[in-house]
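Listed here are the chains, written in short residue letters.
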Amino acid sequence: MKTIVITGSTRGIGFALARSFLKRGCRVVISGRKQNLVDVVVERLRKEYPPENVFGFSCDVSEYSKMKNLWEASVKRFGLVDIWINNAGISNTQNPPWDLTAEEIECVVKTNMLGEMFGTKIAISGFLKQGYGALYNMEGMGAQRRRGVKGLSIYGATKAGLRYFNDSIFLEVENRGIIVGAIQPGMMLTEMITDQYLNRREEWEKLKGIFSVISEKPEIVAEWLADKILNNSKNGMRFAYGGLLRMITRLVRNQFRRKSKL
């Protein structure tokens with residue numbers, strides 16, 4: 001039975017991954033910034049899966065000491081950590097940098113970049129003491145696209161930088177008992193997207209049909225990723241969900257659903 005820590009797992013792909021791992025008999029540590037939300041998610045999951053397999057601990061990934069506390073609390077509860085997933089990340093509101101506050105820019109950069117770097121340092125240090133372990137870092141749009149996206153220069157820059165970081169970590173980890181990998185979940189219809197349109201409902205109505213074609217449900221992506229992660233034994237793997245074939249499959253699936261409702 002593997003113990004898996006997932007940062008940013010109170011919602012979105014992090015939560016979907018937690019459910020997928022629990023379904024496969026793993027023990028999972030849920031983490032998010034707010035303890036009350038962590039408690040709600042833990043209680044929900046304990047109703048679906050063995051309660052002893054679910055543990056929650058709040059953590060702001062942009063603070064090193066709190067990330068270290070997450071590792072220590074996880075080890076205290078389960079004795080060890082087999083897999084650590086740096087998933088926590090946020091996006092800026094879709095505006096150019098000069099229309100964002102300095103605080104918002106700082107928050108995105110700290111959460112996305114420092115959070116993943118701190119998590120990598122803490123997890124690898126712990127794995128070196130254990131003698132084994134697997135670390136997976138979440139990438140995103142900026143790690144996949146060569147072209148910029150209007151209004152997402154800050155978010156995209158952090159993810160592009162993290163791709164270089166991960167490529168380097170693959171080379172720097174020389175312990176055969178330790179695996180480092182990266183995850184590219186592709187476009188998913190999560191709160192990170194929908195929250196951008198909370199005050200732009202008319203625009204959302206025009207775009208939601210497009211998003212339904214180009215985006216996948218987090219639950220489907222998580223099922224695929226969970227199997228890939230649990231079965232992987234090779235360092236430097238980058239698991240990317242997406243591509244033209246999957247998009248065509250979603251389009252056909254959506255068309256079939258529409259016809260079945262008629």
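Above this text is the structure in question.
This one's a predicted model, so the numbers in the text were calculated from it and none came from an experiment. (Residues numbered from 1 in each chain as written. Predicted model: local features only at pLDDT ≥ 70, side-chain atom pairs only at ≥ 80, totals over all residues. Heavy atoms only, no water.)

K.L.:
Please clarify how the overall build of the chain should be interpreted in this entry.
P.N.:
From N to C terminus, the chain includes 10 helices and 7 strands. Intrachain contacts of the chain at a sequence separation of at least 6 include 71% that bridge at least 24 residues. Summing over all exposed atoms, the chain offers an accessible surface of approximately 13,800 Å²; the carbon and sulfur share of this is 56%. (Helix = DSSP H or I, 4+ residues; strand = E, 2+ residues; numbered from the N terminus. Contact = heavy atoms within 4.5 Å. Areas by Shrake-Rupley, 256 points an atom, 1.4 Å probe, with all protein chains shown as cover.)

K.L.:
What exactly am I supposed to notice about helix α9 (residues 218-231) here?
P.N.:
Residues lying three or four places apart along an α-helix face the same way, a consequence of the helix completing one turn every 3.6 residues. Here α9 contains 14 residues, and its C-alpha end-to-end distance of 20 Å stays within 8% of the 20 Å for a straight helix at 1.5 Å per residue. For α9, the complete set of buried residues consists of Pro218, Val221, Ala222, Leu225, Ala226 and Ile229. An end-on view of α9 places all buried positions within 135 degrees of arc, on one side of the element. Summarising the contacts, the buried residues of α9 are in contact with α1 (12-23), β4 (83-86), β5 (133-138), β6 (178-184) and β7 (238-240). (Expected span 1.5 Å × (residues − 1). Buried < 20%, exposed > 50% of the residue type's maximum accessible area, 1.4 Å probe, protein only. Arc of directions from axis to C-beta.)

K.L.:
Help me understand the side chain of Arg27 in this model?
P.N.:
As for its position among the elements, Arg27 is in strand β2 (residues 27-30). Despite its burial, Arg27 remains without a salt bridge, the nearest opposite charge being carried by Asp82 at 5.2 Å. A polar contact is formed between the side chain of Arg27 and the side chain of Thr3, at a distance of 3.0 Å. Those residues in contact with Arg27, other than ones at most four positions away along the chain, are Met1, Lys2, Thr3, Ile4, Asn53, Phe78 and Leu80. (Lys, Arg positive; Asp, Glu negative; His and termini not counted. Salt bridge = Lys/Arg side-chain N within 4 Å of Asp/Glu carboxyl O. Polar contact = N/O pair within 3.5 Å; in protein donor to acceptor, adjacent residues only side chain to side chain.)

K.L.:
Is there a simple way to think about the pairing of β2 in this case?
P.N.:
On a regular strand, one side chain projects to one face of the sheet and the next to the other, so that they alternate. Side chains of β2 alternate between two faces, with Arg27 and Val29 and Val28 and Ile30 buried alike. Pairing between strand β1 (residues 3-6) and β2: 4 bridges, direction parallel. Considered in β2, the bridge of Thr3 is made with Arg27. For the crossover from β1 across α1 to β2, the handedness is right-handed. Sheet topology places β2 next to strand β3 (residues 54-56); 3 bridges connect them, and they run parallel. Following the sheet pairing, Val28 is matched in β3 by Val54. Regarding topology, helix α2 (residues 35-48) serves as the crossover connection from β2 to the parallel β3, and that connection is right-handed. (Pairing = 2+ DSSP bridges. Right-handed = clockwise from strand over helix to strand, strands pointing away.)

K.L.:
Please clarify how the environment of Lys110 should be interpreted in this entry.
P.N.:
Relative to the elements of secondary structure, Lys110 occurs in helix α4 (residues 102-130). Considering only alpha carbons, one finds Lys110 and Thr158, 48 residues apart in sequence, at a separation of 9.2 Å.

K.L.:
Teacher, can you tell me more about the packing of aromatic side chains here?
P.N.:
This model, assessed by the stated rule, comprises 6 aromatic pairs. Each ring, one from Trp224 and one from Tyr241, has its centre 5.4 Å from the other, and the planes form 75 degrees; the classification is edge-to-face. Of this pair, Trp224 sits in helix α9 while Tyr241 sits in the loop between β7 and α10 (244-261), and the two are 17 residues apart along the sequence. Note on Trp224: relative accessible area 22%, which makes it partly exposed. Owing to a relative accessible area of 8%, Tyr241 belongs among the buried residues under this scheme. One aromatic cluster in this structure is built from Trp71, Trp84 and Phe127. (Phe/Tyr/Trp six-rings, centres within 6.5 Å; stacked < 30°, edge-to-face > 60°.)

K.L.:
I would appreciate a short explanation of the packing of helix α3 (residues 64-78) against α4 in the present structure.
P.N.:
One can describe the packing of α3 onto α4 by two numbers: an axis separation of 10 Å at closest approach and a directional angle of 40 degrees. In this structure, α3 crosses over α4, and the sense of that crossing is right-handed. Contacts between α3 and α4 involve Tyr64, Met67, Lys68 and Trp71 from the first element and Gly115, Phe118, Gly119, Lys121, Ile122, Ala123, Gly126, Phe127 and Gln130 from the second. Taken together, the residues that form the contact of α3 with α4 break down as 7 nonpolar, 4 polar and 2 charged. (Axes fitted to C-alpha atoms, helices over the stretch in contact; angles between N-to-C directions. Left-handed = near helix turned anticlockwise from the far one by under 90°. Nonpolar A, V, L, I, M, F, W, Y, C, P; charged D, E, K, R; others polar.)

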